[in-house]
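Remarks on the overall topology
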Amino acid sequence: MANMDSDSRHLLIPEGDHEINPGPMNIQFDSSDIRSKRPFYIEPTNIVSVNDVIQRVSDHASAMNKRIHYYSRLTAPADRALIAPDHVVPAPEECYVYSPLGSAYKLQCYTEGYGKNTSLVTIFMIWNTMLGTSILSIPWGIKQAGFTTGMCVIMLMGLLTLYCCYRVVKSRSMISSVDTTTWEYPDVCRYYFGSFGQWSSLLFSLVSLIGAMIVYWVLMSNFLFNTGKFIFNFIHHINDTDSIPSTNDSNPVICPSARSGGHPDNSSVIFYASNSELQQFEKWWNKSKTVPFYLIGLLLPLLNFKSPSFFSKFNILGTVSVLYLIFLVTWKAIRLGFHLEFHWFMPTEFFVPEIRFQFPQLTGVLTLAFFIHNCIITLLKNNKNQENNVRDLSIAYMLVTLTYLYIGVLVFASFPSPPLSKDCIEQNFLDNFPSSDILSFIARIFLLFQMMTVYPLLGYLARVQLLGHVFGDVYPSIFHVLIFNLFIVGAGVIMACFYPNIGGIIRYSGAACGLAFVFIYPSLIYIISLHQEDRLTWPKLIFHAFIIILGLANLIVQFFM
Amino acid sequence: QGKSSPDAALPRAELGPSASPRPSPRQLRRVMPNTAMKKKVLLMGKSGSGKTSMRSIIFANYIARDTRRLGATIDVEHSHVRFLGNLVLNLWDCGGQDTFMENYFTSQRDNIFRNVEVLIYVFDVESRELEKDMHYYQSCLEAILQNSPDAKIFCLVHKMDLVQEDQRDLIFKEREEDLRRLSRPLECACFRTSIWDETLYKAWSSIVYQLIPNVQQLEMNLRNFAQIIEADEVLLFERATFLVISHYQCKEQRDVHRFEKISNIIKQFKLSCSKLATSFQSMEVRNSNFAAFIDIFTSNTYVMVVMSDPSIPSAATLINIRNARKHFEKLERVDGPKHRLLMR
């Protein structure tokens, strides 16, 4: 290329030029400046008319595009002089990936084929993104399903969601007519189902986001409450022996919901009528009446930030929390020992049957626990060896399944059943440890901080998707954003006050958003594309239709449990 | 000390102003073989202010390696880009740290500043040495006053994209005032530019517009031409740079950036053509809504005609353009030697 360029110089400058040879003629440069290769990204504000047929780009953006195009022909690849700087073309780093109850963070976007991540890094990223607060509900889910059933359901759901994820990853390759290199899964849905596909995928991803944010609010109130209580008890040297049944040893486990006429909300009642200071504290620091409101002052300002890139730096907290939880669970299991008895169908006083018919509650939770279908394409795009994508995805899913199994089984098995019933396992298993327990106090602090950093990110993603599609502008005005944030925060506060059952919230939102992204769309798109290529056979059709029916059943049966 | 042009013996001492105030044409020709009768456009500014990129973009050159840093090639005929037919663009780093360059510059001052038609001085808006910049600018102005007092002066405040958007007007106004003040008695026109928006193209288009002596007459003729052939829009481009010299439009057009876009598209196309050892001559673009023709017009201009009536056959428009060509060339020649700019 440089050869011909020197020819062109001769043509343009006939008098001859004593310029120096322009340097390496190597087309396959390894540009340390990746900016020279990034695609020109047009922000949504520049798309002036969006209808299904033609999308027009604003004149300003189109002129910039032409300018960049032209400048790139003027320089050698290694030359930095005419590469668009970041303040002119927004950097592609504004790409976030998230899993509803896992982490959310910014991603370095490379064009296809330039991914720099080794398989190990990719697997870790998938594992890290998927794993999140749904871990806390897995033991409860196993309890609801029965031990044996629970384990089988976890493994089967893992396999099923893995297969659907594989379908998502392969969905782009079935489209041969259009260039799909920059597409994410909602773009594929739009290709097959038109604007219905676009709007429905937007709706379902909003369901998952808002469900996750509500769960976060409930959990944050819970953890903040317990943290405050721990600190208060620690300062005033109060020993918290209350009427809640618990085990009487150095590793107390409590059963908060087993009191007469147990309220669904977990307000703890302590009978220390003589101590008015404590009473005051109890009045102002109540898990469902006051603490959710205190959080508003903390988090609502954070939600109004235009760009949450600051929060994405705290992504490491998620990994640390999960590892700490694993450590915590292992430690407690060692301390408490195993308490398992196998009764197949009949519940006993302390144990639950192995096979229960409430197992759909577990499948609902797991749909959200194994959810990564909205961003798996982006995550795998950065894999260095693209041919290993399926293998790496399977390994990541296997690791996630193992983690869930490990924590769920250990918590379930080590739950001290002779004094307490297995039915006591809470929807958030940390609730089974009293607020005076140091190890769980640390876990709650970790999780509290982690959730406080992910919450604004999820809010930003929900805002970008909803406001971006409805108003065409991701930040139309402070009022739009404020109203949107108030709505989300309000939903969280209401749930925290009246229905703080995170297991319930997770399974409803999981089944709902999983219906679209996990079950229906991948299978339906596969069927349609096979049909277009005339490769549809009866076994495939039946199998995938069965998956769709499973997804529907998953959602419907949640309402009957 | 690096290589130098085979013709230049670098007789620094002899050509200093004290030695011989006006070197004979023969001597001049020995040092600068081709510039005897050519007028110059000087593009000057501090090193690193963006002149090379600017030249590259406007003239569609492959960007040259920075020769000053290599210290070597000091050639008065630094860049032979032809412009408006008869002008030659010279790029100079003014106020660099290199003492060798400084000496050469000082000793060659008269040669450099002789026969200058246009001085374009580039200021880097981010520069931390405003005093020094102004000092060098003033010394250039002195040289211009001595050697080419009729030259037109343009100041470009460059790299404006690095300034916050809300401060740009303010900062530019400040600089403009300073420069106007410093330039007296000479008149200078100031522009603010950045290669990342349309301001660079607009500034150079304004410069070219001011360099064309009979531009009003040209515009009137262009309008008549457009009305006769029932065109929607007619543009006249300078040949080397595709800067718009003048244009006529019969109704409001939506896209204000269209001139720069067309210029960029054609320059890019020219680069591609040159790779195949061909040169761009003409282009016709047509669909059911419009037809556009880009063709060589006079010896130094290109014309672009946009017709929105697709029923008019191409041949008719092309014949019209061909006939107009003769008229416009006559127009250029009629204006005599004074307006040598548009002549070969």
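Residues numbered from 1 in each chain as written. Chains lettered and ligands numbered in written order. Predicted model: local features only at pLDDT ≥ 70, side-chain atom pairs only at ≥ 80, totals over all residues. Heavy atoms only, no water.

Section: the overall build of chain B
A tally of helices and strands in chain B yields twelve helices and eleven strands. The buried share among the 344 residues of chain B stands at 56%. When contacts within chain B are restricted to residue pairs at least 6 apart in sequence, long-range pairs at least 24 apart make up 69% of them. Looking at chain B as shown, the accessible area adds up to about 16200 Å², and 50% of this sits on carbon and sulfur atoms. (Helix = DSSP H or I, 4+ residues; strand = E, 2+ residues; numbered from the N terminus. Buried < 20%, exposed > 50% of the residue type's maximum accessible area, 1.4 Å probe, protein only. Contact = heavy atoms within 4.5 Å. Areas by Shrake-Rupley, 256 points an atom, 1.4 Å probe, with all protein chains shown as cover.)

Comments concerning the overall build of chain A
The helix and strand inventory of chain A stands at 16 helices and four strands. Classification of the 561 residues of chain A by burial places 56% in the buried group. The contacts of chain A with a sequence gap of at least 6 include a subset with a gap of at least 24, amounting to 80%. If you sum the accessible surface of chain A, you get close to 24900 Å²; carbon and sulfur atoms cover 66% of it.

Remarks on the confidence of the model for chain B
When pLDDT is low, close inspection of the predicted coordinates is not appropriate. All names here are of chain B. Looking at chain B, pLDDT values average 75 and 75% of them are 70 or higher. The low-confidence segment residues 1-36 (pLDDT under 50) makes 44 contacts with residues lying over four places distant or belonging to another chain. Between residues 336-344, whose pLDDT stays under 50, and residues either more than four places distant or in other chains, the model counts 20 contacts. ipTM for the predicted complex: 0.77, alongside a pTM of 0.57. (pLDDT = per-residue confidence, 0-100.)

Side note on the environment of N432 of chain A
Residue and element names in this part refer to chain A. Within the fold, N432 resides in the loop between α12 (389-414) and α13 (438-471). As a C-alpha pair, N432 and I254 span 178 residues in sequence and 5.0 Å in three-dimensional space. At a separation of 3.1 Å, a polar atom in the side chain of N432 contacts the main-chain carbonyl oxygen of C424. (Polar contact = N/O pair within 3.5 Å; in protein donor to acceptor, adjacent residues only side chain to side chain.)

Describing unusual backbone geometry
Residues and elements named next belong to chain B. Cis geometry is adopted by the peptide bond preceding P185, which originates at R184 and carries an omega value of 5 degrees. Assignment of secondary structure puts P185 in the loop between α8 (168-183) and β6 (188-192). Residue N115 is not a glycine yet carries a positive backbone phi of 65 degrees. Take N115: it is sitting in the loop between α6 (109-113) and β4 (116-124). Here N115 falls in the partly exposed class, since its relative accessible area comes to 29%. The backbone of E230 sits at a positive phi, close to 60 degrees, despite the residue not being glycine.

A closer look at the nonpolar core
Membership of the largest hydrophobic core comes to 135 residues, with the highest contact counts inside it found for L325, I376, F429, L430 and Y455 of chain A. It is helix α6 (residues 185-235) of chain A that provides the largest number of residues to this core, a total of 22 residues. Residue-level mapping places this core at the junction of two domains, with at least three residues from each of domain 1 (59-106) and domain 2 (119-242 + 278-560) of chain A. Formed by 72 residues, the second largest nonpolar core is a distinct cluster that contains A231, V234, L271 and A324 of chain B. (Core = buried A, V, L, I, M, F, W, Y, C linked by side-chain atoms within 4.5 Å. Domains from an automatic or database assignment.)

What about helix α8 (residues 291-303) of chain A?
Residue and element names in this part refer to chain A. With 13 residues, α8 extends 18 Å between its outermost C-alpha atoms, agreeing within 8% with the 18 Å of an ideal straight helix rising 1.5 Å per residue. In α8, a bend of some 35 degrees at G297 exceeds every other bend along the element, and P301, a proline, comes one to four places later. Turning to α8, its buried residues are V291, P292, L295, L299, L300 and L303. Buried residues along α8 sit in contact with α6, α13 and α14 (478-498). (Expected span 1.5 Å × (residues − 1). Bend = angle between axes of the 7 residues up to and from the residue.)

Comments concerning the packing of aromatic side chains
Applying the stated criterion to the full structure yields 33 aromatic pairs over all chains. Plain terms: the ring middles of Y185 of chain A and F517 of chain A are 6.4 Å apart, the flat faces sit at 55 degrees to each other, and that makes the pair tilted. Pair noted here: Y185 of chain A is in helix α6 and F517 of chain A is in helix α15 (residues 502-532), with a separation of 332 residues, a long-range link. Taking the relative accessible area as the measure of exposure, F517 of chain A reaches 1% and is therefore buried. Ring geometry for F269 of chain B and F280 of chain B: centres 5.6 Å apart, planes at 80 degrees, overall edge-to-face. Taken together, the residues span a long stretch of sequence, with F269 of chain B in helix α11 (residues 258-275) and F280 of chain B in the loop between α11 and β9 (283-286) at a distance of eleven residues. (Phe/Tyr/Trp six-rings, centres within 6.5 Å; stacked < 30°, edge-to-face > 60°.)

Comments concerning the pairing of strand β10 (residues 291-296) of chain B
Residue and element names in this part refer to chain B. Burial within β10 is extensive, with six of its six residues counted as buried. Inspection of the sheet shows β9 paired to β10 by four bridges, in the antiparallel sense. Bridge assignment links E284 to a residue of β10, and that residue is F293. Linking β9 to β10, which pair antiparallel, is a turn of four residues. Both β10 and strand β11 (residues 301-307) contribute to a ladder of six bridges, which runs antiparallel. Paired with F293 across the two strands is V305, which belongs to β11. (Pairing = 2+ DSSP bridges.)

Quick look at a nonpolar patch on the surface
Side chains of L340, F342, W344, F345, M346 and I355 of chain A sit close together on the surface and give an oily, nonpolar patch of about 640 Å² of accessible area. By the secondary structure assignment, F345 of chain A is in the loop between α9 (316-336) and α10 (359-369). (Patch = residues over 30% accessible without salt bridge, like charges linked within 9 Å, V, L, I, M, F, W, Y side chains within 5 Å. Salt bridge = Lys/Arg side-chain N within 4 Å of Asp/Glu carboxyl O.)

Some remarks on the sheet that holds strand β8 (residues 244-249) of chain B
Remark on secondary structure: sheet strands pair via backbone hydrogen bonds, oriented parallel or antiparallel. All names here are of chain B. Strand order in the open sheet formed by five strands is β8-β7-β11-β10-β9, with antiparallel pairing between adjacent strands. Both outer strands of the open sheet, β8 and β9, are each paired with one neighbouring strand and no more. Direction aside, neighbouring strands of the sheet carry axes that sit 10 degrees apart on average. Examined bridge by bridge, strand β7 (residues 233-238) and β11 share six bridges and lie antiparallel to one another. Looking across to β11, one finds that F237 is bridged to Y302. Contacts between α11 and the sheet are confined to β7, β8, β9, β10 and β11, with β7 contributing the most and set at about 55 degrees to the helix. (Axes fitted to C-alpha atoms, helices over the stretch in contact; angles between N-to-C directions.)

Some thoughts on the pattern of salt bridges
This structure, assessed with the given rule, holds 14 salt bridges over all chains. The shortest N-O distance in the salt bridge between R535 of chain A and E533 of chain A comes to 3.0 Å. We classify E533 of chain A as partly exposed; its relative accessible area is 35%. A salt bridge links K159 of chain B to D124 of chain B; the shortest N-O distance between them is 3.3 Å. Of this pair, K159 of chain B sits in the loop between β5 (152-158) and α8 while D124 of chain B is found in strand β4, placing the two residues 35 residues apart along the sequence. Under the relative-accessibility criterion, D124 of chain B is labelled buried at 14%.

With respect to the packing of helix α3 (residues 119-130) of chain A against α12 of chain A
Residues and elements named next belong to chain A. Axis separation between α3 and α12 bottoms out at 9 Å; the angle between their running directions is 40 degrees. Put simply, α3 runs oblique to α12. Between α3 and α12 lies a crossing whose hand is right-handed. Two secondary-structure elements touch here, α3 through S119, I123, I126, W127 and M130 and α12 through R391, D392, L393, I395, A396, Y397, L399, V400, T403 and Y404. Split by residue class, the contact of α3 with α12 holds eleven nonpolar, two polar and two charged. (Parallel < 35°, antiparallel > 145°, perpendicular 65-115°, else oblique. Left-handed = near helix turned anticlockwise from the far one by under 90°. Nonpolar A, V, L, I, M, F, W, Y, C, P; charged D, E, K, R; others polar.)

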